[in-house]
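Listed below are the residues making up each chain.
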Amino acid sequence: MKQPFSPTDPKQYRGVFMFSDKTVYKLHRISGLVGGLFILIITITGSILVVDRQVDNLLNPSQTQIEPTGQLAPYGQVLTTIHRQFPDAQIRGIRLPETENEALRVDISNKGVWQWVTMNPYTGAIISIRNAETTFVRRARELHENLLLEPVGGYVMGLAGICLLGSVLTGTWYYRRSLLSVFKIGVRWNKPARIVYADIHKWLGVVALLFMLLMSATGIFFHWEQIERQFGGDKRPSQSLWADLPYRTIPVDNALANATASIAEFQPRQIDFPKSGDTTLVIRGNRPNSIRLLGKYTIFATMDARNGQYISGLDAQDAGLEYIAEHVFEELHFGRYLGWVSQVIYILLALSTAVVTLTGMFIWWLKK
């Protein structure tokens with residue numbers, strides 16, 4: 001009589017799974033140790049990036065927060081002020097305030113330097129000028145993606161993602177018989193340090209298991225995309241090639257009015273100015289009922305930058321499968337899709353992943 005299949009009986013995997021548990025554990029330990037430091041960097045910087053806008057506002061309140069006074073200034077006035085202050089600059093985009101207390105941010109390319117110019121949206125006055133690449137949140141993002149050493153650092157962080165994925169898969173297999181029992185055992189604080197670290201390692205490892213799988217898989221996907229762009233002949237224009245069309249002549253206020261009139265319940269959040277050789281202005285935003293899992297911005301209005309007339313609109317729900325998949329992966333990776341609820345959960349799980357990594361290192365050290 002044929003014996004029923006049991007997922008916890010290693011004898012039934014002979015000829016199917018070629019590695020012994022001892023080998024799997026070695027792979028688990030090696031992947032964790034090789035990627036350990038980089039996984040720590042990924043989890044800490046990732047926790048910052050989940051709430052990057054809030055972190056920037058917290059660190060620079062005088063440069064990002066304002067007192068609302070009266071009516072919003074027309075964007076034509078904003079463009080005039082930028083041109084007067086930076087006559088040789090080109091505008092990359094305008095990030096619109098999400099609350100009445102938040103400053104307007106204009107991204108400019110000024111003599112080859114990417115700068116953030118924050119302005120009072122009610123008066124049109126400049127509040128601050130910052131080099132975007134040296135801000136805390138941008139440095140955190142660069143550290144997260146490429147260790148501040150592009151492109152080599154990007155390859156390293158991609159390998160770190162592979163190590164995290166390998167560590168999770170081998171750890172899940174090795175501890176498969178006791179995955180759920182960790183909650184019954186808990187953390188035995190009265191035991192020697194090695195056992196305490198092992199209990200914490202397994203308990204948090206199970207809690208954050210799906211999160212670590214998700215982060216490693218989506219992270220690997222994004223790094224693979226970067227490699228494809230670098231070696232696959234990506235033809236997208238360089239960000240240094242900004243528009244031939246003088247930005248101060250673009251009727252932004254008219255474009256915003258036409259976009260909101262053409263798309264029901266449209267809430268603009270970002271204005272992307274034309275690149276070199278282009279004459280279109282793209283206004284990005286959302287609707288109240290937008291599916292946030294489809295991207296940070298789900299509605300796109302393409303406008304004629306010469307007269308502000310509406311050309312076309314796109315709802316992310318109607319986009320192609322490749323676009324949807326890429327943006328769903330992005331939202332799953334950065335945890336913005338449920339607002340502060342998902343952000344808090346992601347931060348806690350990212351810090352749990354950091355603790356899992358540290359305790360794994362401690363266990364290895366104590367066993368030396």
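Every value quoted in this text rests on a predicted model; they were computed, and no experiment measured them.

Caption draft 1: Focus on the nonpolar core. Among the nonpolar cores identified, the biggest contains 31 residues, and I82, I91, I94, V106, I271, F273 and I283 are the most heavily contacted of them. Of all the secondary-structure elements, those providing two or more residues to this core are α4 (75-85), β1 (90-95), β2 (104-110), β3 (113-119), α10 (252-262), β6 (280-286) and β7 (299-304). For V106, the contacting residues outside a window of four places in its chain are V78, I82, I91, G93, I94, Q115, W116, V117 and M119. Of all hydrophobic cores here, the second largest spans 26 residues; its members include V51, M212, L332 and A350.

Caption draft 2: Examining the pairing of strand β8 (residues 310-315) more closely. Alignment of β7 against β8, held across 5 bridges, turns out to be antiparallel. Residue pairing in the sheet places A301 in a bridge with G313 of β8. Hairpin connection, β7 to β8: the antiparallel pair is bridged by 5 residues, and G308 has positive phi, about 80°.

Caption draft 3: Just helix α5 (residues 136-146), in detail. Within the span of α5, buried status applies to V137, R138, A140, E142, H144, E145 and N146. At its buried positions, α5 is contacted by α1 (21-50), α2 (52-59), β3, α6 (152-174), α9 (209-231) and α11 (321-334). Looking at the residues trailing α5, positive phi occurs at L147, about 60°.

Caption draft 4: Broad picture of the pairing of β2. Across the 7 residues that make up β2, a large majority, 7, are buried. Burial of β2 is two-sided: the residues L104, V106, I108 and N110 facing one way and the residues R105, D107 and S109 facing the other way are all buried. Sheet topology note: the β1/β2 ladder contains 5 bridges and is antiparallel. Pairing of G93 across the sheet is with D107, part of β2. With 7 bridges connecting them, β2 and β3 associate as antiparallel partners. Bridge assignment links D107 to a residue of β3, and that residue is W116. Where β2 hands over to β3, the hairpin turn is made up of 2 residues, of which K111 adopts a positive phi near 55°.

Caption draft 5: Structural detail: the side chain of Q343. Relative to the helices and strands, Q343 resides in helix α12 (residues 340-367). Classification of Q343 by relative accessible area gives buried; the value is 11%. One polar contact links the side chain of Q343 to the main-chain carbonyl oxygen of V50, over a distance of 3.1 Å. Setting aside residues no more than four positions away along its own chain, Q343 makes contact with V50, V51, Q54 and G335.

Caption draft 6: Geometry of unusual backbone geometry. The omega torsion across E150 and P151 is 0°, close enough to zero to call that bond cis. Assignment of secondary structure puts P151 in the loop between α5 and α6. Positioned with a positive phi, K111 is a non-glycine residue whose angle comes to about 55°. Among the structural elements, K111 can be located in the loop between β2 and β3.

Caption draft 7: Examining the sheet that holds β8 more closely. Spatial ordering of the open sheet is given by β4-β3-β2-β1-β5-β6-β7-β8, a layout of 8 strands whose pairing is antiparallel. The sheet is open, and its two edges are formed by β4 (126-131) and β8, each paired on a single side. Sheet twist, expressed as the mean angle between neighbouring strand axes with direction ignored, is 20°.

Caption draft 8: Spatial organisation of the packing of aromatic side chains. Tallying each qualifying case throughout the model produces 11 aromatic pairs. Arranged with centres 5.5 Å apart and planes meeting at 65°, the rings of F221 and F222 form a pair that is edge-to-face. Residue classification places F221 among the partly exposed positions, given a relative accessible area of 26%. Between F300 and Y323, the aromatic rings sit 6.4 Å apart at their centres with planes inclined by 85°, giving edge-to-face as the arrangement.

Thresholds, definitions, all that
Residues numbered from 1 in each chain as written. Predicted model: local features only at pLDDT ≥ 70, side-chain atom pairs only at ≥ 80, totals over all residues. Heavy atoms only, no water. Core = buried A, V, L, I, M, F, W, Y, C linked by side-chain atoms within 4.5 Å. Buried < 20%, exposed > 50% of the residue type's maximum accessible area, 1.4 Å probe, protein only. Helix = DSSP H or I, 4+ residues; strand = E, 2+ residues; numbered from the N terminus. Contact = heavy atoms within 4.5 Å. Pairing = 2+ DSSP bridges. Polar contact = N/O pair within 3.5 Å; in protein donor to acceptor, adjacent residues only side chain to side chain. Axes fitted to C-alpha atoms, helices over the stretch in contact; angles between N-to-C directions. Phe/Tyr/Trp six-rings, centres within 6.5 Å; stacked < 30°, edge-to-face > 60°.

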